[in-house]
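Survey of secondary and tertiary structure
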Amino acid sequence: MSSPALPGQDVPAAGAGVAPPAAQRYSGGAIALHWLHALLVLALIGIGLAMGEMPKGAERSAAIALHKSLGLLALALLVLRLGWRLRHRPPADVRLGTLERKLASLGHRALYLLLLLTPLAGYLSSSFTPYPMRFFGIVIPKAGWPDEGWNALFNALHTGCAWTLIGLIALHLGAVVLHALSGRSVLGRMLPGRGGR
């Protein structure tokens, strides 16, 4: 009887006389936080794109206020996700080769970095405007003072990070589709109430 593949080892392809190993699922908490964060980020992207098409007025101001509040919520949720991840290490997918696991790890780290930098830059941009910072109507402290130069700098950083994040999300989804087409679906590991095979 052959010994199971260890993390970091390549796994024999299906059909080589070895049954493919089962993929371990993420914990329930990780799954819930992932999908909540995903929905929040998609809402932020949608509102952010829509704001650019809105004329100045009450509707645009309301959209901006909602975007800022949801952005701060996303930042807080990221901190919660990182805390959960430190206490609950994600399971390695032993069906993937060493290079695939390294690329997946790099992709996840890049996503987490952009999920941090994008709302943080947005908060800092808003901190250098003359307007109060509100979180769902509640005034909260700002990190700066009215300054058009700093506001423009952090706004440009926020925009650049947001578009980069959109690109990384597209790559992330593309990787999910490619794994499904190759017969090694990774989506089941992150779906509630589904098997991980």
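As shown above, the structure is provided for reference.
Quick summary incoming for the structure in this document. The structure presented is a predicted model; accordingly, all values stated were derived computationally and were not measured.

Comments concerning the overall build of the chain
Helix and strand counts for the chain come out as four helices and two strands. Secondary structure elements of the chain occur, N-terminal to C-terminal, as α-α-α-β-β-α. When each of the 197 residues of the chain is scored for burial, the buried share is 29%. Here the contacts in the chain between residues at least 6 apart in sequence split such that 70% fall between residues at least 24 apart. As displayed, the chain has an accessible area near 12,400 Å², and 69% of this comes from carbon and sulfur atoms.

Some thoughts on the packing of aromatic side chains
The geometry of two aromatic rings is summed up by the distance between their centres and the angle between their planes. For the structure on display, the rule yields five aromatic pairs. Consider the rings of F128 and F154, whose centres lie 5.9 Å apart with planes at 10 degrees: the pair is stacked. With F128 in the loop between α3 (98-127) and β1 (133-135) and F154 in helix α4 (residues 148-181), this residue pair connects regions lying 26 residues apart in the sequence. For the pair F128 and F154, a shared accessibility class is recorded, and that class is buried. Considering the side-chain rings of W150 and F154, the 5.9 Å spacing of their centres and the 25 degrees angle between planes classify their relative orientation as stacked.

Here's the deal with the pattern of salt bridges
Enumeration according to the criterion identifies three salt bridges in this entry. Notably, a salt bridge pairs D93 with R189, separated by 3.8 Å at the nearest N-O pair. Placement of the pair is D93 in the loop between α2 (58-87) and α3 and R189 in the segment after α4, with a sequence separation of 96 residues. The two residues D93 and R189 agree in class, both being buried. With a shortest N-O distance of 2.8 Å, E100 and R184 are connected by a salt bridge. Of the two residues, E100 sits in helix α3 while R184 sits in the segment after α4, which places them 84 residues apart along the sequence. Using a relative accessible area of 25% as the deciding quantity, one classes R184 as partly exposed. Each member of the salt-bridge network shares a partner with another, and the members are D93, R95 and R189.

Notes on helix α1 (residues 28-51)
The first and last C-alpha atoms of α1 sit 35 Å apart over 24 residues, in line with the 34 Å expected at 1.5 Å per residue. Here α1 has its buried residues at G29, A30, I31, L33, H34, H37, L40, V41, L44, I47 and M51. Lining the buried residues of α1 we find α2, α3 and α4.

Here we look at the layout of surface pockets
Of the pockets and cavities examined, the second largest pocket occupies roughly 1,400 Å³. Residue lining of the second largest pocket: 44 residues in total, with M51, I64, H67, K68 and N155 positioned closest to the centre. For the lining of the second largest pocket, the elements supplying multiple residues, two or more each, are α1, α2, α3, β1 and α4. For the lining of the second largest pocket, the residue count by class is 22 nonpolar, 16 polar and six charged.

Rules and cut-offs
- Residues numbered from 1 in each chain as written.
- Predicted model: local features only at pLDDT ≥ 70, side-chain atom pairs only at ≥ 80, totals over all residues.
- Heavy atoms only, no water.
- Helix = DSSP H or I, 4+ residues; strand = E, 2+ residues; numbered from the N terminus.
- Buried < 20%, exposed > 50% of the residue type's maximum accessible area, 1.4 Å probe, protein only.
- Contact = heavy atoms within 4.5 Å.
- Areas by Shrake-Rupley, 256 points an atom, 1.4 Å probe, with all protein chains shown as cover.
- Phe/Tyr/Trp six-rings, centres within 6.5 Å; stacked < 30°, edge-to-face > 60°.
- Salt bridge = Lys/Arg side-chain N within 4 Å of Asp/Glu carboxyl O.
- Expected span 1.5 Å × (residues − 1).
- 1 Å grid on protein atoms, 1.4 Å probe; cavity = no way out; pocket = protein on both sides within 12 Å on 5 of 7 lines; lining within 4 Å.
- Points joined across faces, edges and corners; volume = space filled by probe spheres on them.
- Nonpolar A, V, L, I, M, F, W, Y, C, P; charged D, E, K, R; others polar.

Limitation: the analysis is restricted to geometry and does not speak to function.
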